[in-house]
2 protein chains.
Amino acid sequence: MRISELSRRSGVPMATIKYYRREGLLPEGRVLNPTTVEYDEEHIQRLRLIRSLIQLGGLSVARTREVLEAVERPLDAFETLAVVHHALPVPSAETSRKDGEDRERAADEAASGGAAARVEALIENMGWQISDASPHRPALAESLAALSRLGTDYTADDLIPYARIATSTADLDFAQLEGIEDQIALAERAVVLSVLFEPVVRLLRRLAQEDANHRRHDRRACGRAEQPTE
Amino acid sequence: MRISELSRRSGVPMATIKYYRREGLLPEGRVLNPTTVEYDEEHIQRLRLIRSLIQLGGLSVARTREVLEAVERPLDAFETLAVVHHALPVPSAETSRKDGEDRERAADEAASGGAAARVEALIENMGWQISDASPHRPALAESLAALSRLGTDYTADDLIPYARIATSTADLDFAQLEGIEDQIALAERAVVLSVLFEPVVRLLRRLAQEDANHRRHDRRACGRAEQPTE
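Residues numbered from 1 in each chain as written. Chains lettered and ligands numbered in written order. Predicted model: local features only at pLDDT ≥ 70, side-chain atom pairs only at ≥ 80, totals over all residues. Heavy atoms only, no water.

Naming follows an unreviewed UniProt entry, where chain A appears as DNA-binding transcriptional MerR regulator of Streptomyces violarus.

Asker: For the overall build of chain A, give the residues involved together with the corresponding values.
Answerer: Each helix and strand in chain A was counted, giving nine helices and two strands. Put simply, chain A runs from its N terminus to its C terminus through helices and strands in the order α-α-β-β-α-α-α-α-α-α-α. Counting all 230 residues of chain A, 50% fall into the buried class. The contacts of chain A with a sequence gap of at least 6 include a subset with a gap of at least 24, amounting to 62%. With the model as given, the accessible surface of chain A reaches about 11000 Å², and the carbon-plus-sulfur share is 50%. (Helix = DSSP H or I, 4+ residues; strand = E, 2+ residues; numbered from the N terminus. Buried < 20%, exposed > 50% of the residue type's maximum accessible area, 1.4 Å probe, protein only. Contact = heavy atoms within 4.5 Å. Areas by Shrake-Rupley, 256 points an atom, 1.4 Å probe, with all protein chains shown as cover.)

Asker: Go over the packing of helix 3 (residues 41-56) of chain A against helix 4 (residues 61-72) of chain A, please, and point to the residues and values.
Answerer: Residues and elements named next belong to chain A. Running from amino to carboxyl end, helix 3 crosses helix 4 at an angle of 135 degrees, the nearest separation of the two axes being 10 Å. Looking at the two axes, helix 3 sits oblique to helix 4. In this structure, the crossing between helix 3 and helix 4 has a hand that is right-handed. On helix 4, the residues that touch Arg46, Leu49, Ile50, Leu53 and Ile54 of helix 3 are Val61, Thr64, Val67, Leu68 and Glu72. (Axes fitted to C-alpha atoms, helices over the stretch in contact; angles between N-to-C directions. Parallel < 35°, antiparallel > 145°, perpendicular 65-115°, else oblique. Left-handed = near helix turned anticlockwise from the far one by under 90°.)

Asker: Summarise the pairing of strand 1 (residues 30-33) of chain A; cite the residues concerned and give the values.
Answerer: Relative to strand 2 (residues 36-38) of chain A, strand 1 of chain A runs antiparallel, the two being bridged by three bridges. Its bridge partner being in strand 2 of chain A, Val31(A) is matched across the sheet by Val37(A). (Pairing = 2+ DSSP bridges.)

Asker: Account for the packing of helix 1 (residues 3-10) of chain B against helix 3 (residues 41-56) of chain B, naming residues and giving values.
Answerer: Residues and elements named next belong to chain B. Look at helix 1 against helix 3: their axes get within 10 Å of each other, and the N-to-C directions meet at 45 degrees. Regarding the angle of helix 1 to helix 3, the classification is oblique. Classified by chirality, the crossing of helix 3 by helix 1 is right-handed. Listed contacts from helix 3 to Leu6, Arg9 and Ser10 of helix 1 are Glu41, His43, Ile44 and Leu47. When the residues that make up the contact of helix 1 with helix 3 are grouped by side-chain class, the tally is three nonpolar, two polar and two charged. (Nonpolar A, V, L, I, M, F, W, Y, C, P; charged D, E, K, R; others polar.)

Asker: An account of the interface of chain A and chain B is needed here, citing residue identities and associated values.
Answerer: Between chain A and chain B, the contact holds 87 residues from the first and 87 residues from the second. Contact between chain A and chain B buries roughly 8700 Å² in total, counting both sides, with carbon and sulfur atoms accounting for 58%. The largest contributions to the chain A side of the interface with chain B come from Tyr162(A), Arg205(A) and Arg206(A), which together make up 10% of the buried area. Where chain A touches chain B, the interface holds twelve salt bridges. Here Glu198(A) ties to Arg202(B) by a salt bridge, and the two come within 2.8 Å at their closest N and O atoms. Here the element with the most residues in the side of chain A that touches chain B is helix 9 (residues 183-224) of chain A; it accounts for 28 residues. When its residues are assigned to classes, the side of chain A that touches chain B shows 42 nonpolar, 24 polar and 21 charged. (Buried area = accessible area lost by both parts, 1.4 Å probe. Salt bridge = Lys/Arg side-chain N within 4 Å of Asp/Glu carboxyl O.)

Asker: Break down the relation of the copies chain A and chain B for me, citing the residues and quoting the values.
Answerer: Once turned by 180 degrees and shifted 0.0 Å along the axis, chain A lies on chain B with an RMSD of 0.1 Å. One copy is carried onto the other by what is essentially a two-fold rotation axis. Residues of chain A ranked by C-alpha distance from the rotation axis are headed by Ile165(A), positioned 3.4 Å from it. (Least-squares fit on C-alpha atoms with pLDDT ≥ 70 in both.)

Asker: Residue-level account of the packing of aromatic side chains, with values.
Answerer: Summed over the entire model, instances satisfying the criterion amount to six aromatic pairs over all chains. With 6.1 Å between their ring centres and 45 degrees between their planes, Tyr19(A) and Tyr20(A) make a pair best called tilted. For Tyr19(A), a relative accessible area of 32% corresponds to the partly exposed category. Classification of Tyr20(A) by relative accessible area gives buried; the value is 3%. When the ring of Tyr162(A) is compared with that of Phe197(B), the centres are 4.7 Å apart and the planes differ by 65 degrees; the resulting orientation is edge-to-face. Within this pair, whereas Tyr162(A) is found in helix 8 (residues 156-177), its partner Phe197(B) is found in helix 9 (residues 183-224), the two belonging to separate chains. Grouping residues by exposure puts Tyr162(A) and Phe197(B) together as buried. (Phe/Tyr/Trp six-rings, centres within 6.5 Å; stacked < 30°, edge-to-face > 60°.)

Asker: Describe the pattern of salt bridges, listing the residues and the values that go with them.
Answerer: All names here are of chain A. The tally for this structure, following the rule as stated, stands at 34 salt bridges over all chains. Two residues, Glu5 and Arg8, come together in a salt bridge whose shortest N-O distance is 4.0 Å. Placement of both Glu5 and Arg8 in helix 1 (residues 3-10) is noted, with a separation of three residues, approximately one turn of the helix. According to the relative accessible area criterion, Arg8 is exposed, its value standing at 61%.

Asker: Go over the side chain of His214(A) with me, naming the residues and quoting the values.
Answerer: Within the secondary structure, His214(A) sits in helix 9. His214(A) sits in the buried class, given a relative accessible area of 16%. Non-local contacts of His214(A), meaning those with residues more than four positions away in its chain, are made with Phe78(B) and Gln129(B).

Asker: Describe helix 4 of chain A, and please don't skip the residues or the numbers.
Answerer: For helix 4 of chain A, built from twelve residues, the straight-helix expectation of 16 Å at 1.5 Å per residue is met to within 8% by its first-to-last C-alpha distance of 16 Å. If you check which residues of helix 4 of chain A are buried, you get Val61(A), Thr64(A), Val67(A), Leu68(A), Ala70(A) and Val71(A). (Expected span 1.5 Å × (residues − 1).)

Asker: Got a sec to walk through helix 3 of chain B? Specific residues and values, please.
Answerer: All names here are of chain B. For helix 3, which comprises 16 residues, the first-to-last C-alpha distance of 22 Å matches the rise-based estimate of 22 Å (1.5 Å per residue) to within 8%. Here helix 3 lies mainly inside the structure; twelve of its 16 residues are buried. Buried within helix 3 we find His43, Ile44, Arg46, Leu47, Leu49, Ile50, Arg51, Ser52, Leu53, Ile54, Gln55 and Leu56. You can read the cap of helix 3 off the contacts: a side-chain oxygen lies 3.1 Å from the backbone nitrogen of Glu42, and it is on Asp40. Of the residues flanking the end of helix 3, it is Gly58, one or two places downstream, whose phi is positive at about 75 degrees. (Polar contact = N/O pair within 3.5 Å; in protein donor to acceptor, adjacent residues only side chain to side chain.)

Set out below in structure tokens:
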């Protein structure tokens, strides 16, 4: 197909396709003559992955190139997922630090020793296999340090019930990846699952919190009326 | 205490305190004489809540004022939590729509009918009590519509295992709020729990995913060596 059809079928504007090609993200098509280049299905699939990484995943062009190069190597599904997983933006405590930034950073550093140790204790208690290069390990320590600064210290033991729930979630997540053998398709699915499915998980938690609030309220109201239902 | 001590003890700069006062977020202190105003512990507690809402929660000044006014009314814990819960920024699909925005929006609208129906079916199946005003209901529909656009349709049934897990998480969350009777303290805690604890939950999922990937890999490796361990 020509670039116009590639654009139409992939939904990616021609200018963007040319940009990705210049940046080395998209391989050159087959040059039929000086003005005509032929593209195939692999280009469509590749374009979809690039769009997922950049638009959904929020990856930079440089980071996207790294992931694409990794995915092109003869990796197994395990390695493909590990590469994608570590390349995605890391959820953070999202504190906007407009002032008192230095003070906070100092407190951060003071606390981070303790927080990092708590993360290690949690990982060990859970028996989790986590690579030393995982960006999620220091990010979790930072989130715990931020909570400590606000007066709430979570010990590794406090977090274990949440970690058990996370294991159940991850098992459900992996069930969604079962049976996908193609590396590019697997990488694309992993991006969608991590990036687009994450808000679904967060929103379900918010909805469940509202329901839990209602349930707790109803229970109290019944208690007050001296008609316990349990 | 004077404003300088209020600033020191709350960690909020004097200029910011004056700004909050001008905006009507922080009540006036007791005027001792034309140059001296006296503040008390309630001002410290109120300042902490304002900071949580604005800096952690990402609320606007106008929204913060609404929450503060609500929290000042004689509400019970249920209502306080409901107000805070609905005021917080809603997790979204986080798709950056630099181009094709109109096309995507059209697809969005087309799909949102189906997605909204799936959300209602899920809420009904789970027996969740969710207010009609909940911002999380349309946000979930939007996330599901975004996933549909990428070729992944989740039915209400697909989401039930995740919703069950969300219920367990919400029960753990509420255990953290038990015993807090003071309204301001409860509101502050709810902000911290929703905003700062949310990344903890997300990071635990990421870590658990990495571990699940390792476990799946090990299982396959054992299978290949013809030494099944199960």
